[in-house]
Amino acid sequence: MICITILSGKGGTGKTSVAASFGYLAGKRAVLCDCDVDASNLALVAGAQDIQSREYSGGKVAVIDQEACLGCGACAQVCHFDAIEKNGSKYRIETASCEGCGYCPRVCSFNAICMVERKSGDIFIGQTRFDSAIVYAELSIGAENSGKLSTQVRRLADEIAEETDAEVIIIDGPPGVSCPAIAAATGVNYILFVSEPTLSGISDLERAMEMSGKLKIPAGVLVNRADINEILSTKIKEITTRAGNDFWRTMPLSSDFVRAVRNGKTVLEETDDERITSVLTQTWRSISERFQKWQ
Amino acid sequence: MSGKGGVGKTTVAVSFATHMARRGGKVLLADLDVEEPNAGLFLEKQLIDSADAVVYRPQWKEDLCILCGKCQGFCAFNAIAALPKYVIVFPELCHSCYACSELCPASALPMIPVRIGQIQQYSVNEHLVFIEGRLDIGQEIASILVRQTRDKALQEAQAAGMQWLVFDAAPGTACASREAMIKSDAVILVTEPTPFGLHDMSLAFRMVKASGKPCAIVVNKDSPGYAGIEQFAREEQVPIIARIPYNSELAQSYSVGSIPTGAFPALEDALSRIASWLLEVSTGGQP
């Protein structure tokens, strides 16, 4: 079984459109996995039926018993997260700011503070329109996206792939380069970056490739909307090759992407433009064949 | 903020900041998307201050340690292993809560600064100051740097008597974007007319709604054929205060790091509408 993550650095370059298209091409041989847990969109185009959900709690949160609190303020003095505020003559926890470190109950002389489980999100498992399984999540409002929920989503996708003898896990990753992106990329066989020829796109791609380089994972780049700026597209090719990564192909700017999303379909199902269909099909074939040969 | 990435947060934040500065306002723009800071690409600017951003993490002092092993129990994040003869700190798991350091009976775990990125301050022109937080690659926790950059911007804005403080927030709906929101007086949700834009914006909206802050929607890359945003705005009673039509020339201009608002009347118009709404909200009028 192989595992491929779609990333970009910058948001909105077309990660989900590419991941969903690969899911369409792979059909039931794949498990789809959406690791962008605070803005999860893959299921909107891949479809998700017969959904099962489970709550996920990661970490704890402090609660101050207002009856037992005598308002001494020792807790507020030790909190480094500004999570404890005055509530009349007592103190209370601002839950969204609490890091769950458990320091405050240790300094409370009146045993007024306890640590309780904090719900950090829901994980959903469903079946796509392509007869594959899909795993995705929804982070609770303002919860810390430490990558723990993404890691849970990946673990579940692994289990399902194992049980169903799936050949490939396709992971739709989050933007950025910190913990959530690292959680989506760690230990996968290949990272495909979807980029765009803008200065922002290039700056973010360079940072993202530095991250994948540190993780020592082979990577490649697909350029979306190449005709917005051909000079910068060529520059992306240069920096990709210089970083030792594969430069796959370029796709043109096309309103077919937006139309497909609006119709809840993958772009492959909605477009007749061969500059898009052939690029996605050939890139998918090349990447998956490369790994099948190695297995 | 936006929820979804790539919908135009930076375009709106930068062009709004420059628009207000051109009109004589004193403006501070802060890029709080520390993982992928891009606002600076659109500004001609001069560096006036640069500082390392640090977090404090415990460092084990063997000579002071009495090997009581309590530190391991103090840590809720498994970042400390107290072995019979050693104590090991795992920095990537540490949340800088200070519990181990301050509760250690032998003071053997002093907190030591560790660089996670940098915060830079620039002058753009006499009306516009720009502050950027930039996370070092390989650092896992972005929200601490978001908080530090935000607080630096708040201090500067106060000290310099700024009229406008504009935060360009991170995508997503987790704490990195929340940190920007909670210190704002009003929130502009930038979105695009697709189910992705709607879905992610609605998650960001839930967070803003819970805070009770005034909030409005700006539709970027607008094109006919999708009514989802309007329906959402009606149901949730959030105003759509401006629309910026999709424009391939603007996209090309953006690609090379330029947003010449003057050349795009529709954008200019949207910025004026945003300013009016913000003035209305700040003077206590009906949003």
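For every chain, the first residue of the written sequence is number 1, and numbering continues from 1 along that sequence. As a convention, the first chain written is A and the first ligand written is 1, with the rest following in written order. Side-chain atom pairs in this predicted model are given and counted only at pLDDT of 80 or more, local residue features only at pLDDT of at least 70, and totals for whole chains, interfaces and linings cover all residues.

On to the overall build of chain A. In terms of helices and strands, chain A carries eleven helices and eleven strands. Each principal axis of the C-alpha distribution contributes one length, and for chain A these read about 70 × 40 × 35 Å. Backbone-placed C-beta atoms define the burial measure: a residue is buried with 20 or more other C-beta atoms within 10 Å of its own, exposed with 12 or fewer, and partly exposed in between. The burial tally for chain A puts 54% of its 295 residues in the buried class. Strands are runs of DSSP state E lasting at least 2 residues, helices are runs of H or I lasting at least 4, and numbering of each runs from the N terminus.

Counting its regular elements, chain B contains nine helices and ten strands. Summarising its shape, the C-alpha atoms of chain B cover approximately 70 × 40 × 40 Å along the three principal directions.

All names here are of chain B. Among the five residues that make up strand S7 (residues 164-168), four are buried, leaving the element largely enclosed by the rest of the structure. Strands are treated as partners if at least two bridges between them are detected by DSSP. Of the strand pairs in this sheet, strand S1 (residues 27-31) and S7 are connected by five bridges, and their pairing is parallel. Paired with Val27 across the strands is Trp164, a residue of S7.

This part covers the packing of helix H1 (residues 9-22) of chain B against helix H9 (residues 265-282) of chain B. Residues and elements named next belong to chain B. The convention used is that axes are lines fitted to C-alpha atoms, helices contributing only their stretch in contact, and that angles between N-to-C directions extend from 0 to 180 degrees. Where H1 contacts H9, the two axes come as close as 10 Å, and the packing angle between them is 75 degrees. Taken together, H1 and H9 sit at an angle that is classed as roughly perpendicular. Judged by residue contacts, Ser15, Phe16, His19 and Met20 of H1 engage Leu267, Leu271, Ile274 and Ala275 from H9. In this count, Pro and Cys sit with the nonpolar residues alongside Ala, Val, Leu, Ile, Met, Phe, Trp and Tyr, while Asp, Glu, Lys and Arg are called charged and the others, Gly among them, polar. The residue makeup of the contact of H1 with H9, split by class, is six nonpolar, two polar and no charged. In what follows, roughly perpendicular refers to angles from 65 to 115 degrees, roughly parallel to angles under 35, roughly antiparallel to angles over 145, and oblique to any angle outside these ranges. We call two residues in contact when the distance between their C-beta atoms, placed using the backbone, is within 7 Å.

Below, the discussion takes up H1(B). Residues and elements named next belong to chain B. How far a helix is expected to stretch is found by multiplying one less than its residue total by 1.5 Å. Between its terminal C-alpha atoms H1 stretches 20 Å, which fits the 20 Å expected from 14 residues at 1.5 Å a residue. By the criterion of burial, H1 is predominantly enclosed, with 13 of the 14 residues buried. Residue Gly24 follows H1 closely and has a positive phi angle near 95 degrees.

A few words on the nonpolar core. The term nonpolar core refers to a set of buried Ala, Val, Leu, Ile, Met, Phe, Trp, Tyr and Cys residues connected through C-beta atoms within 7 Å. In this structure, Ile170(A) and Leu29(B) are the most contacted members of the largest nonpolar core, which totals 154 residues. Apart from the residues within four sequence positions on either side, Leu29(B) is in contact with Ala13(B), Val14(B), Ala17(B), Ala39(B), Leu128(B), Phe130(B), Val166(B) and Asp168(B). With 30 residues, the next largest nonpolar core counts Ile84(A), Tyr103(A), Phe74(B) and Cys104(B) among its residues.

The next point concerns the domain arrangement of chain A. Segmentation into domains, and thus their bounds, comes from an automatic or database assignment. Here chain A is partitioned into domain 1 (2-47 + 128-294) and domain 2 (59-119). Just the C-alpha atoms count here: the centres of domain 1 of chain A and domain 2 of chain A sit 41 Å apart.

With 49 residues of chain B at the contact, the number on the chain A side is 48 residues. Breaking the side of chain B that touches chain A down by element, the ones donating at least two residues are helix H3 (99-103), helix H5 (175-182), helix H6 (195-211) and helix H8 (248-255) of chain B. The element contributing the most residues to the side of chain B that touches chain A is H6(B), with eight residues. Considering only residue class, the side of chain B that touches chain A consists of 23 nonpolar, 18 polar and eight charged.

Residues and elements named next belong to chain B. Counted at 1.5 Å a residue, the expected span for H6 with its 17 residues is 24 Å, and the 25 Å between its end C-alpha atoms agrees. If you check which residues of H6 are buried, you get Phe196, Gly197, Leu198, Asp200, Met201, Leu203, Ala204, Phe205, Met207 and Val208. Phi for Gly212, located one or two positions after H6, is positive at around 75 degrees.

Phi at Asp131(A) takes a positive value of approximately 65 degrees, unusual for a residue other than glycine. As for its position among the elements, Asp131(A) is in the loop between strand S6 (113-127) and strand S7 (133-139). Look at Asp131(A) and you get exposed, because 10 C-beta atoms sit within 10 Å. Not every positive phi belongs to a glycine, and Ser107(B) is a case in point at roughly 50 degrees. On the secondary structure map, Ser107(B) appears in the loop between H3 and strand S5 (111-125).

Now for the sheet that holds strand S2 (residues 46-58) of chain B. Residues and elements named next belong to chain B. Taking strand neighbours across the sheet as the criterion, the five strands line up as S2-S5-S6-S1-S7 in an open arrangement whose pairing is mixed. A single partner strand is all that each edge strand has here, and the edge strands are S2 and S7. Here the average twist between neighbouring strands, direction ignored, is 20 degrees. For S1 and strand S6 (residues 128-135), the ladder comprises five bridges, and the chain directions are parallel. In the strand pairing of S6, Asp31 is matched with Glu132. Contacting S1, S5, S6 and S7, H1 runs over the sheet at an angle of about 165 degrees to S7. Its contacts with the sheet put helix H4 (residues 143-159) on S1, S2, S5, S6 and S7, and the angle it makes with S6 is roughly 165 degrees.

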